[in-house]
Each structure stands twice: as C-alpha cells, then as structure tokens.
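Residues per chain are reported as follows:
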Amino acid sequence: MTTASPPLPPVSAAVAAQALDLLPPRLRGRVDRAMGKVAGWPVETTSDGVRVIVDEDTSVTLRTTGGVVAHADDAVCTCLLAPACLHRATLLSSAPLALEPTPGADGEGPAGELADGTTGTGPDAQPTADAAAHGAPSPERLTAVAEGAPRPETPADPEERDGSSLDAAANGTVPCELTPAQTRAMAALRNAATAVLVSGVSGAGAVHRAGLLHAAHSGRLAGLHLPAAAAVRIARRLDEARSEDPSFRLPELSAELAGLLGLLRRPAEAITPARRSYQPSGPLRLYGLFTEPIVTASGYAGAVTYGLAPDGTLLTISDVAPGDAQRAAQAAQTPVPGGCALPLREWGDGGSVILTGPTVSADGRVGGGSRVRSVRASGARWHQQPLDALWQRPPAHQLAAALDWLEQPADARPAGGDLLFVAGTIEGRGLRITDGPQVGLLAPDERSALAYADNLRLLRSRPGLALRMIVRVVADRPGAVQALAAAWTGHDGEQFRADLGLRRLNRSHIPAGSPPAVPAGPGTTDAGAGAASGPSVDTTGAPADHADGEGVIAASPAPTPDSVAPERSGVGGGKEQPSPPAGSPELPIELDLLRRAVDRAVAGGRSITAASADGELPRRLESVGLATGAECARALLDTAADRQHDALGRLLPADPDGFAAAWLATAVYASAAVRSLLPAAWAPTGDTMAAPPSLGGR
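### Examining the overall build of the protein chain
Then, number 1: The secondary structure content of the protein chain amounts to 19 helices and 19 strands.
Then, number 2: Per-residue burial for the protein chain yields a buried fraction of 56% across its 698 residues.
Then, number 3: Partitioning the intrachain contacts of the protein chain with sequence separation of at least 6 by distance along the chain shows that 69% fall at a separation of at least 24.
Then, number 4: Total accessible area on the protein chain stands at roughly 27300 Å², and carbon and sulfur atoms take up 54% of it.

Below is the structure:
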C-alpha cells in the first residue's frame with residue numbers, strides 16, 4: 001500500500017502571478033498542458049515546506065511561512081532556466097491560492113478571518129438588481145439594470161471610512177474621484193474579469209488566472225480591496241473547476257463574476273476600506289446553536305460555531321487555518337476564547353458561555369484577544385427559550401429576510417443572516433416545512449471526509465420523521481436548502497441533536513417509525529411540528545443530483561442545457577435529475593431557462609452563447625410577461641453573435657465589453673427576479689405577505 005503524497009501548500013496570489021510573468025511567451029502557452037502532469041510528481045515533506053520531484057535531475061522546493069508560500073524566493077527550481085522555468089511556474093499555478101488572514105483594527109480578530117472578509121461560510125455575494133426597470137434594450141438601459149438600485153444611506157463610521165467625501169460619494173451626493181492608480185487598477189480588474197467571461201470556464205487557463213491575480217495585486221496596492229478580493233475568489237473558483245473539485249458550483253462562479261463587474265461600476269463602493277473594526281463589547285452571554293465544519297479547495301479548514309445573544313443577535317466564533325478535513329474536526333474541539341476550556345462543538349451543542357471583555361466586529365464575529373475572559377453557564381436546548389423563539393417566525397418571513405441579507409454588500413452582512421430555522425417532517429425527497437413548502441435538502445459539502453451526504457441519506461430513509469433543522473438559503477436553488485444541523489425525538493423520548501457535517505449518524509440514532517406530531521409553539525420539543533400543509537416549491541428550476549443512488553440531493557452546479565428539462569449539472573456533466581412532485585406550484589420555467597443561459601455563458605464563454613442564439617428564449621420570456629428579461633436575453637444573444645466585417649470582408653474583433661455588459665444585466669435581472677418571486681412560493685395558501693412585486697413588463 002503506497003502512502004499518499006502530501007498536498008501542495010497554499011501560495012500567495014502575488015507569487016502565483018509573478019511566476020507566470022517570468023516565462024517567455026513561447027513557454028507561457030504550455031503551462032496549461034504541463035499542469036496535467038503535476039499530479040504525478042512525487043512530493044516530499046521537508047523541515048520548512050515540501051520538495052516536488054519533477055524528474056531525476058530536477059526538483060522544486062517550496063518553503064512556507066505560516067503554512068503559505070509567501071515570497072517569490074520561497075519557490076526554487078534546480079533547473080538551469082530557473083526562476084524563469086516551466087517547472088516552477090507550473091507548480092505555483094497548480095498550488096491552491098492562499099487566503100491571507102487580516103487582523104481586526106485592534107489586532108484581536110478571530111482565527112480564520114480572511115482578507116476577503118469571509119470565513120468560507122455561507123453563499124457567495126449575489127449581485128444586486130433593480131428588477132422593475134423596463135424600456136428599450138439600449139446600452140444606457142442595460143447599464144441601469146446592471147448597476148442596480150442605489151444603496152440605502154448609512155451613517156459615517158470614522159473607523160471604517162476614509163472621510164466625509166467618501167461617505168458622500170457612496171451615498172450618491174457627490175461624484176467619486178479616483179486617483180490615476182485606482183483608475184488603472186479598475187480597468188485592469190474589469191479587463192481580467194471580462195476576459196474570463198468571454199473565454200468561459202472551458203477556455204480559461206493559467207494565463208487568465210494570472211491576469212486576475214495581477215489585477216488583484218494592483219487593486220490592493222491602489223486601495224481597491226473589495227474588488228481585488230473578488231478577483232482572487234474568481235481565480236480560486238477557476239482552480240476548483242480545473243481540478244474538478246466537488247465543492248465547485250457554477251452558479252457561485254457566475255455570482256462572483258456578476259458581483260465583481262457590478263462593483264466596478266460603483267467606484268465609491270470599490271474603494272471602501274476593507275479593514276474590519278473590532279469594537280470592545282460589554283459582557284456577553286451566548287447560547288450555542290450549532291457548529292459548521294469548513295473545508296476549502298484552497299487548503300484551509302476549520303470550524304465556525306454560531307451562538308445567540310440575549311438580544312436575538314447571532315454571533316460566531318471560528319477557527320480556520322491551513323489544513324484538511326481532519327483539521328476541521330480538530331478545530332471543532334478548539335476551546336472558546338477566555339480560558340473556560342469549553343470546546344466550540346460542546347458550546348454549540350446546547351452549551352452557554354459568558355464572555356467579559358470581548359471584541360465584536362460589525363458582522364458578528366467575536367474576537368479572541370488577551371483581555372477576553374470566559375466562564376461556562378447553563379445552556380438551553382432548541383426547544384427552550386431563548387433559542388425556541390428562532391423557530392417561531394413564519395418560514396416565508398425568514399426567507400424574505402434572508403434574501404434581503406443577500407442584497408447587502410458582502411462586508412456588511414451580519415452573521416447568520418442566510419440561516420433559516422424550520423420545523424417539519426421528512427417526506428419524499430426532502431423536508432415538508434411546517435407552514436411552508438416541501439424543499440430538497442442539499443449537502444453543503446460533498447467531501448466524503450464530512451458527514452453531510454451520509455447523514456442526509458439516512459434522514460431521508462425515515463419518512464414521517466418530525467424534526468427541527470437549521471438550514472441555509474441557496475439563492476440559485478429555489479426548491480432546496482442546505483441542511484446544517486437537525487434535532488428530533490430519539491428512541492428513548494429524549495431530544496437528539498446533531499451537527500450534520502461533524503457527527504456521523506447511524507440507524508440507532510433515528511427512530512424507524514413516525515414520531516407523533518407535536519404542535520408548534522413555545523413549549524414544543526426539538527422534533528418540531530408534524531407534517532403541515534403548504535405549497536411545494538418546484539425543483540425543476542433547481543436541479544439536484546442523487547448521491548450514490550440513494551436520493552440525497554447534493555449541492556452541485558445548476559445545469560445549463562438548451563432544452564427545458566434539466567439534464568446535466570456542472571461544467572463536465574452530471575446525473576439524471578428527478579422530476580418535481582406532481583401538482584407543485586412552479587416559478588416560471590422561462591425564468592429558470594434565463595438563469596441557465598447566464599450560467600451557460602460563464603461555462604462556455606461568448607462562442608457557446610452565440611451558438612445558442614436562436615431567439616426562442618426571448619420569445620418565451622415575453623409570452624409569460626417577463627418583458628425586461630426578454631430584452632436582457634435578446635441583448636445577450638445579440639452581443640455574443642455580433643461579429644462584423646471590414647470593407648475587405650475580414651472578421652473584426654468582437655466587442656468583449658458589450659458582451660460583458662449584456663451578460664451582467666441578464667445575470668442581475670435573473671437573480672433579482674428569483675428573489676422577488678420566491679417568498680410568494682414559500683408562503684402558505686392565503687398568506688399575502690409575500691405577493692411578488694412587479695417585474696419589468698409584468
């Protein structure tokens with residue numbers, strides 16, 4: 001039995017970009033082919049990094065600082081052409097991109113805080129939109145749709161903003177003036193993102209990745225921290241697609257591209273400082289809710305635990321660092337800051353802790369500085385106050401709030417805003433939510449090292465099981481949610497709660513029969529209410545994979561076929577999709593086709609979009625009253641197929657900027673339309689709170 005080689009360490013974005021720059025043009029085009037050989041190169045662990053053996057005469061040594069290849073001098077090849085050699089550039093292009101930790105303003109941010117303002121939890125930023133715009137599809141019209149509605153006015157914060165002029169520019173009262181360096185950096189970011197979109201995932205290689213990383217580096221130097229972080233995330237998504245990583249999802253890449261291109265149209269937001277300020281807080285008593293394991297394709301892993309403050313605010317304590325899935329399980333045992341020796345997972349499993357002297361960021365992250373002290377306190381189960389109140393809000397109201405959360409800038413979102421607290425019963429392929437629809441249950445991460453897929457398969461084998469769940473909204477999958485934690489009545493009548501990504505369940509944990517239904521209310525058990533009537537959200541617009549033939553719906557990319565029926569998922573194919581339950585109300589299938597056209601453009605680029613330009617989609621959108629969507633789709637197809645000739649009949653270059661603008665307008669409209677219509681599909685019959693707003697032309 002052979003021992004598996006250790007993985008390549010993460011590489012900083014600047015080092016990865018510079019490695020390709022050193023190559024002469026004749027070698028640069030060979031990097032993509034050479035990257036296919038990296039998996040066969042043996043990797044040896046050294047005292048300060050790894051050594052990769054290319055052949056008997058050549059090896060590349062990668063030295064790490066804090067687990068990351070942070071400097072160009074840390075990558076050394078023994079060949080005569082080094083450092084401008086194909087071996088070094090290929091290896092650095094194949095290594096995962098590092099996520100650079102950024103401390104809070106007081107230096108006491110939590111472990112795992114990343115330069116892009118994320119911990120790896122939750123869905124990526126979705127583009128904002130004004131779905132009610134209508135008129136002729138002129139360039140000005142498309143720009144108006146793409147830029148979205150103006151942001152609400154926010155008070156100035158001297159800790160987060162450079163000055164009053166920037167506040168006024170962000171609120172639209174005065175023009176935003178960019179320095180020459182910022183103007184050049186924004187142009188570079190826009191060109192790099194447009195090049196990826198025009199080429200598509202199938203055509204984007206190491207050169208496109210290096211272009212994104214170069215633009216991101218220039219953006220950081222110019223103070224464009226948010227778009228620079230978005231560019232690095234896009235490069236990371238391309239890495240996941242190239243390596244066929246199971247965590248890659250095409251709609252997430254589409255959302256990242258739309259978010260970056262949209263952000264570059266709003267300079268005031270693009271130049272907002274990325275520093276997160278951690279402010280001292282008074283004593284906090286936090287009731288643990290659940291713990292979520294984090295494993296990223298870029299070589300980071302850890303755990304994030306959510307807790308509830310007495311005022312109803314959700315806060316998080318996390319530990320994310322370089323590592324694999326094994327580290328995620330270890331991080332769940334990290335103690336709560338302050339010396340109480342209470343592991344994160346134990347705190348999340350009904351525990352409680354009192355913190356004195358903590359620092360808290362605006363988005364709900366609790367810092368772990370030296371001044372923090374903590375002691376254990378009596379906790380609460382999900383059916384006890386104050387946690388029980390989270391399950392008393394109507395699901396449709398929770399969904400509307402979560403969709404509003406997705407509209408906010410990524411760095412301004414409070415912790416847990418995309419979480420839903422629902423009760424229901426296992427039925428069919430998913431969960432029948434009390435006073436809500438029947439939805440599919442997605443595995444947030446399909447890696448076999450995590451327990452999500454196996455646990456969901458086991459839960460599905462218990463139809464009629466009444467339970468409470470904490471789930472996450474997935475904006476591109478209207479008929480499904482990601483299952484994070486669950487609780488139900490066990491064999492002994494006691495409440496059983498499980499973090500679905502950390503605790504691997506077996507049949508002895510779940511009763512075989514249907515437990516009796518319990519009315520929802522302040523005194524209910526964790527099993528929640530029994531089966532309740534409510535609409536079923538169509539899953540045709542949210543295709544799902546079956547895991548191992550057992551019917552567990554996995555979080556795979558939305559398919560992008562030309563036909564109405566869903567066939568394949570992801571960029572490289574998938575499995576057959578189940579049909580929706582009979583009689584389920586549906587979001588317009590034409591809207592789903594528009595979303596697929598957006599994703600298809602990202603997967604195949606301009607050429608694939610041009611090949612599908614038959615005019616059928618705009619006609620179908622108009623037939624159901626989605627006139628603005630039809631205009632956007634028509635403009636997208638026209639700009640993709642628009643190739644003109646000069647006086648001698650020679651083909652002129654395509655207009656990449658026009659194609660990018662039309663694609664952005666289409667992506668923004670499709671996303672906003674789904675978010676506008678989805679709450680109505682979740683609302684019980686007779687509930688008018690979520691009546692869909694008017695979409696353009698409807």
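### Regarding the packing of helix α14 (residues 395-407) against helix α19 (residues 656-682)
Then, number 1: Axis separation between α14 and α19 bottoms out at 8 Å; the angle between their running directions is 165°. As judged from the angle between their axes, α14 and α19 are roughly antiparallel. For the pair α14 and α19, the crossing hand works out as right-handed. Judged by residue contacts, Pro-395, Ala-396, Leu-399, Ala-400, Leu-403 and Glu-407 of α14 engage Arg-675, Leu-678, Pro-679 and Trp-682 from α19.

### Some remarks on a positive patch on the surface
Then, number 1: Together, Arg-26, Arg-30, Arg-33 and Lys-37 line one region of the surface with positive charge.
Then, number 2: Position of Arg-26 among the secondary structure elements: in helix α2 (residues 25-28).
Then, number 3: Among the residues examined, Arg-26 registers a relative accessible area of 59% and is labelled exposed.

### Structural notes on unusual backbone geometry
Then, number 1: For the bond from Ala-82 to Pro-83, the omega torsion is 5°, close enough to zero to count as cis.
Then, number 2: Note on placement: Pro-83 falls in the loop between β4 (75-77) and α4 (86-94).
Then, number 3: In this structure, Pro-386 follows Gln-385 across a cis peptide bond, with omega equal to 5°.
Then, number 4: By the secondary structure assignment, Pro-386 is in the loop between β11 (373-377) and α14.
Then, number 5: Its identity as a non-glycine residue notwithstanding, Ala-341 has a phi of 60°, on the positive side.
Then, number 6: Its location among the elements puts Ala-341 in the loop between α12 (325-331) and α13 (344-348).
Then, number 7: Since its relative accessible area comes to 53%, Ala-341 is described here as exposed.

### Structural notes on the sheet that holds strand β3 (residues 59-63)
Hydrogen bonds between backbone groups are what pair the strands of a sheet, and the pairing can be parallel or antiparallel.
Then, number 1: The four strands lie next to each other as β1-β2-β3-β4, forming an open sheet whose pairing is antiparallel. The open sheet is flanked by β1 (43-46) and β4, the only strands paired with a single partner. In this sheet, adjacent strand axes meet at a mean angle of 20° when their direction is disregarded.
Then, number 2: The pairing of β3 with β4 spans three bridges and is antiparallel. Each residue of the ladder has a partner; that of Leu-62, found in β4, is Ala-75.
Then, number 3: Against the sheet, α4 makes contact with β2 (49-53), β3 and β4, and its axis sits at roughly 45° relative to β3, the strand it touches most.

### Re α4
Then, number 1: Taking burial as the measure, the nine residues of α4 include eight buried ones, the bulk of the element.
Then, number 2: Listed in full, the buried residues belonging to α4 are Leu-86, Arg-88, Ala-89, Thr-90, Leu-91, Leu-92, Ser-93 and Ser-94.

### Thoughts on the confidence of the model for the protein chain
Then, number 1: With 74% of its residues at a pLDDT of 70 or more, the protein chain has an overall mean of 76.
Then, number 2: The low-confidence segment residues 101-174, where pLDDT is below 50, has 172 contacts with residues more than four positions distant or belonging to other chains.
Then, number 3: Below a pLDDT of 50 lies the segment residues 515-585, which in the model reaches 203 contacts outside its immediate sequence neighbourhood of four places, other chains included.

### Section: the packing of helix α10 (residues 250-263) against α19
Then, number 1: Where α10 contacts α19, the two axes come as close as 10 Å, and the packing angle between them is 115°. As for the relative orientation of α10 and α19, their crossing is left-handed in sense. Here Ser-254, Leu-257, Ala-258, Leu-261 and Gly-262 of α10 come into contact with α19, specifically with Trp-663, Leu-664 and Ala-667.
Then, number 2: In terms of residue class, the contact of α10 with α19 is made up of six nonpolar, two polar and no charged.

### Quick look at the sheet that holds strand β7 (residues 300-308)
Then, number 1: Spatial strand order, β8-β7-β6-β9-β11: five strands in an open sheet with antiparallel pairing. Bordering the open sheet on either side are β8 (314-322) and β11, each of which pairs with just one other strand. The sheet shows a mean angle of 35° between the axes of neighbouring strands, taken without regard to direction.
Then, number 2: Two strands pair when backbone bridges link them, and strand β6 (residues 284-295) and strand β9 (residues 352-356) are joined in this way by four bridges, in the antiparallel orientation. Looking across to β9, one finds that Leu-286 is bridged to Val-353.

### Brief notes about a negative patch on the surface
Then, number 1: A surface patch of negative charge is lined by Asp-638, Asp-642, Asp-655 and Asp-657.
Then, number 2: Note on placement: Asp-642 falls in the loop between α18 (627-641) and α19.
Then, number 3: Residue Asp-642 is classed as partly exposed on the basis of its relative accessible area of 38%.

About the thresholds
- Residues numbered from 1 in each chain as written.
- Predicted model: local features only at pLDDT ≥ 70, side-chain atom pairs only at ≥ 80, totals over all residues.
- Heavy atoms only, no water.
- Helix = DSSP H or I, 4+ residues; strand = E, 2+ residues; numbered from the N terminus.
- Buried < 20%, exposed > 50% of the residue type's maximum accessible area, 1.4 Å probe, protein only.
- Contact = heavy atoms within 4.5 Å.
- Areas by Shrake-Rupley, 256 points an atom, 1.4 Å probe, with all protein chains shown as cover.
- Axes fitted to C-alpha atoms, helices over the stretch in contact; angles between N-to-C directions.
- Parallel < 35°, antiparallel > 145°, perpendicular 65-115°, else oblique.
- Left-handed = near helix turned anticlockwise from the far one by under 90°.
- Patch = residues over 30% accessible without salt bridge, like charges linked within 9 Å, V, L, I, M, F, W, Y side chains within 5 Å.
- Salt bridge = Lys/Arg side-chain N within 4 Å of Asp/Glu carboxyl O.
- Lys, Arg positive; Asp, Glu negative; His and termini not counted.
- Charge placed at Lys NZ, Arg CZ, Asp CG, Glu CD.
- Pairing = 2+ DSSP bridges.
- pLDDT = per-residue confidence, 0-100.
- Nonpolar A, V, L, I, M, F, W, Y, C, P; charged D, E, K, R; others polar.

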